[in-house]
Amino acid sequence: MLPTPKVVAPPSDDKRWKVVDGMMQRHGHHPDALIEVLHTVQEIFGFLTEDGLRYVAASLRVPLSKVYGVATFYHFFTLKPPGKHTCVDCTGTACYIKGAPAVLRAVEKAAGIKPDETTADGMLSLLTARCLGLCGRFAPVMVFDDQVAGKADTESITKRVLTYMGSECESLASEEHQ
Ligand code: FES
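The rules behind these values
Residues numbered from 1 in each chain as written. Predicted model: local features only at pLDDT ≥ 70, side-chain atom pairs only at ≥ 80, totals over all residues. Heavy atoms only, no water. Axes fitted to C-alpha atoms, helices over the stretch in contact; angles between N-to-C directions. Helix = DSSP H or I, 4+ residues; strand = E, 2+ residues; numbered from the N terminus. Parallel < 35°, antiparallel > 145°, perpendicular 65-115°, else oblique. Left-handed = near helix turned anticlockwise from the far one by under 90°. Contact = heavy atoms within 4.5 Å. Salt bridge = Lys/Arg side-chain N within 4 Å of Asp/Glu carboxyl O. Buried < 20%, exposed > 50% of the residue type's maximum accessible area, 1.4 Å probe, protein only.

Visitor: Would you take a moment to explain the packing of helix H1 (residues 16–26) against helix H2 (residues 34–45) for this structure?
Guide: Helix-helix packing is described using two parameters, namely the angle between the two axes and the distance between the axes. Across the interface, H1 lies against H2 with an axial gap of 10 Å and an inter-helix angle of 160°. By the angle class used here, H1 and H2 are roughly antiparallel. At the point where H1 passes H2, the crossing takes the right-handed sense. Contacts between H1 and H2 involve Arg 16, Trp 17, Val 19, Val 20, Met 23 and Met 24 from the first element and Glu 36, Val 37, Thr 40, Val 41, Ile 44 and Phe 45 from the second.

Below, the structure is given as structure tokens:
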């Protein structure tokens, strides 16, 4: 029998760790859930951070060396950061029914990229995830960096994407004037 899981503090107060924690709880913090949990971390953060690997290792009671081994063995995991901002679109059933495909198309159009791509300027990476466990209240769900954009609609999401893209233009413009 496995020992009772230790309560491990997440690496930061970033709300996305609650989603990861929820996933681990659903699996009873069982070590066999390692790949599933790493998928969740990557889906919502865009890549696997060292802090994240340590957190998952401690929470699931798996040796850190094994967690690193899994993270580096499978080609679908990456330890490299994506674009400056990440935008995660939930493609789960509940979000789908509530309009996620239209929201995803709006992001693709505004940013000029498809899922798993990063804009040429490195400003935004578009990712997709299966159910993030937030659909009960927030479908369709998008997550921008550490912020959940619940009940996402095409207009507000387009504005948000353009703001991210524009923030780079503004910072470049101010650099040019220095
Ligand atoms: S289906 Fe999107 S959060 Fe559950």
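Visitor: So what exactly am I meant to see when it comes to the pattern of salt bridges here?
Guide: Two side chains bearing opposite charge may form a pair once their charged atoms approach each other closely. Tallied over the entire structure, the rule returns four salt bridges. Among the ionic pairs, Glu 50 bridges to Arg 54, the shortest N-O distance being 2.9 Å. In this pair, Glu 50 and Arg 54 both sit in helix H3 (residues 50–60), four residues apart, roughly one turn of the helix. Look at Glu 50 and you get partly exposed, because its relative accessible area is 42%. For Arg 54, a relative accessible area of 43% gives the class partly exposed. Between Glu 108 and Lys 114 there is a salt bridge, with the nearest N and O atoms lying 3.6 Å from each other.

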